[in-house]
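# Structural description and commentary
What follows is each chain in one-letter form.
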Amino acid sequence: MKKLITALLLTSSMAANANNAEFTQKQLQQVNEVRTSALNSDLSYKLLESLTTEVGPRLPGTENDKKAVTWAKAKFNELGFDKVWLEKATFPEWRRYSESGKILTPSEQPLHLTALGNSISTPKDGITAPVVLFETLDELKAAPANSLKGKIAYINYRMNRHIDGNGYGPAVKARGTGAIEASKKGAVAYMMRSVSTGHHRFAHTGGSYYKEGVTKIPNVTIANPDADQIARLVALNKEVSVNINVQTESLGEGTGYNVIGQFNGTENPEQYVLIGGHLDSWDLGTGALDDGAGVALTMAAAKHISDVKRPKRSIRVVLFAAEELGLWGAKAYFAKHKNELSNIVAAAESDFGADVVYAFESNVSAESLPVVRAIAKELSPLNIEHIGKNQANGGPDLIPLKAATSAPIFELAQDGTDYFDYHHTADDTLDKVTPAKLRQNTAAYAVFALMAADAKTTIRPKAQNK
């Protein structure tokens, strides 16, 4: 049966592309071989299992972060990459030591919370104060001056659930800058509902920031069930007071490394397809979904390609450092390579968990669209739809690339319906990853990277469209 399915896929694929000048029949057969190999291999899952089990959580600057760098370099070499190297990245190093909380009035109850990244500590005994509830960041901004003196500002914004995670952006604004706005109004601390769609009693961490000239205050999120409890108490016109206690530390400038592996192209090795994810993770879970899966599947995808052939252009896998603390590895990579960014013929990052890829989108020049359509045809057997708007945004570590120059960006959109149930929590662990779904992701990246690297036409960014 497996041989029959493989034959049918090959026949369908070759017939659909018979008149496609971008790829020869032999190339399309090789694409089919790579896709089939990836769908029948547990390499990506084994890599993910190894990373999350042997290393675990990978907060930038920690010993585990350093172990992850050693792990990645060793795995690249084991997989037979032609070139493996490290590139330095610096970042503001931060540690979480302990955290606890409780509702004190109208009755004592435990409060499940976590410090946001970069938060300062509370005093040793914590901070006890009444809570003032706001539904949105804009409501907090509109509060009268000094109206929160001696109080804890609390934003109750509830993130919506959607396949593309479109509720994340509005919620992140409150996570990133809420403490600044609360402090401006006189608050002694800032608290918010987790940026989450989950119902479990886990608080979700994430990055947050302070502003020069604005007093720094402790900055925490609470689990969604606890957020619901506070909201109900406020609705009953009860005065809600809480104690929050987080002990953290800023350690100044830390040093990490982007870990890079490359299979060299046969004709234009200086040109390359860039795929990858970020190697670091938050400290609460083991970073299986965010972003161990992206690390593992892109490494495996490149290996599956190399087992079948070496394409014309190189395949480069970049495992970015310190993404969670502010894209520091990505900033360092694209700054270091700023004079050769035109060598990137396609770039895609996997950083949205491990559910299936359901859609494919590009952001390229008009003359590159035939290549895009050819890739889309070879992704369709994986049940991946071609969006066709040519407006891909790409992953977060590609933001500095887009800022530095126009670039050929691609997006292999994963189903994010459940992603934010686990994102940035202690529940981000290996058991949340389904091996078959990870294989589909791996196959999708392998097909995309091989075809982008082997196309007759070099893919170009929109800015170069004449």
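This section reports on the structure supplied with the text. (Residues numbered from 1 in each chain as written. Predicted model: local features only at pLDDT ≥ 70, side-chain atom pairs only at ≥ 80, totals over all residues. Heavy atoms only, no water.)

## Points about the pattern of salt bridges
Enumeration over the complete set of coordinates arrives at 20 salt bridges. Here R96 makes a salt bridge to D283, at a shortest N to O gap of 2.7 Å. Of the two residues, R96 is situated in strand 1 (residues 83-105) and D283 in the loop between strand 9 (268-278) and helix 8 (288-308); the sequence distance between them amounts to 187 residues. Judged by its relative accessible area of 23%, D283 falls in the partly exposed class. (Salt bridge = Lys/Arg side-chain N within 4 Å of Asp/Glu carboxyl O. Helix = DSSP H or I, 4+ residues; strand = E, 2+ residues; numbered from the N terminus. Buried < 20%, exposed > 50% of the residue type's maximum accessible area, 1.4 Å probe, protein only.)

## Section: the packing of helix 3 (residues 43-55) against helix 13 (residues 435-454)
Two elements in contact, helix 3 and helix 13, have axes whose closest approach is 8 Å; the angle formed by their N-to-C orientations is 115°. Comparing the axis directions of helix 3 and helix 13 gives the class roughly perpendicular. When you trace helix 3 past helix 13, the crossing you get is right-handed. Each of S44, Y45 and L48 in helix 3 lies in contact with helix 13, whose residues at this interface are P435, L438 and T442. Counted by class, the contact of helix 3 with helix 13 contains four nonpolar, two polar and no charged residues. (Axes fitted to C-alpha atoms, helices over the stretch in contact; angles between N-to-C directions. Parallel < 35°, antiparallel > 145°, perpendicular 65-115°, else oblique. Left-handed = near helix turned anticlockwise from the far one by under 90°. Contact = heavy atoms within 4.5 Å. Nonpolar A, V, L, I, M, F, W, Y, C, P; charged D, E, K, R; others polar.)

## Some words on helix 6 (residues 168-184)
Three or four residues apart is the spacing at which side chains of an α-helix point the same way, because the helix has 3.6 residues per turn. Counted at 1.5 Å a residue, the expected span for helix 6 with its 17 residues is 24 Å, and the 25 Å between its end C-alpha atoms agrees. Residue T177 marks the point of greatest curvature in helix 6, where the axis turns by about 60°. Buried within helix 6 are the following residues: A171, A174, R175, G176, G178, A179, I180, E181, A182 and S183. Where the residues of helix 6 are buried, they touch helix 5 (137-141), strand 5 (152-155), strand 6 (189-193) and strand 7 (219-222). Two residues or fewer past helix 6, G186 is found with a positive phi of approximately 100°. (Expected span 1.5 Å × (residues − 1). Bend = angle between axes of the 7 residues up to and from the residue.)

## Let's talk about the packing of aromatic side chains
Tallied over the full model, the rule gives 13 aromatic pairs. Judged by centre distance (4.0 Å) and plane angle (25°), the ring pair of F81 and F263 falls under stacked. In this pair, F81 sits in the loop between helix 4 (63-78) and strand 1 while F263 sits in strand 8 (residues 241-263), placing the two residues 182 residues apart along the sequence. Residue F263 is classed as buried on the basis of its relative accessible area of 3%. Measuring from ring centre to ring centre gives 6.5 Å for W94 and W282, while their planes differ by 85°; the resulting arrangement is edge-to-face. Residue W94 is located in strand 1, and its partner W282 is located in the loop between strand 9 and helix 8; the two are separated by 188 residues in the primary sequence. When its relative accessible area of 1% is taken as the criterion, W94 is described as buried. Judged by relative accessible area, which is 3%, W282 ranks as buried. In this structure an aromatic cluster arises from ring pairing among Y168, F352, Y419 and F420. Over the ring of Y272 we find R316; its NZ or CZ atom is 3.8 Å from the centre of that ring. (Phe/Tyr/Trp six-rings, centres within 6.5 Å; stacked < 30°, edge-to-face > 60°. Lys NZ or Arg CZ within 6 Å of the ring centre and 35° of its normal.)

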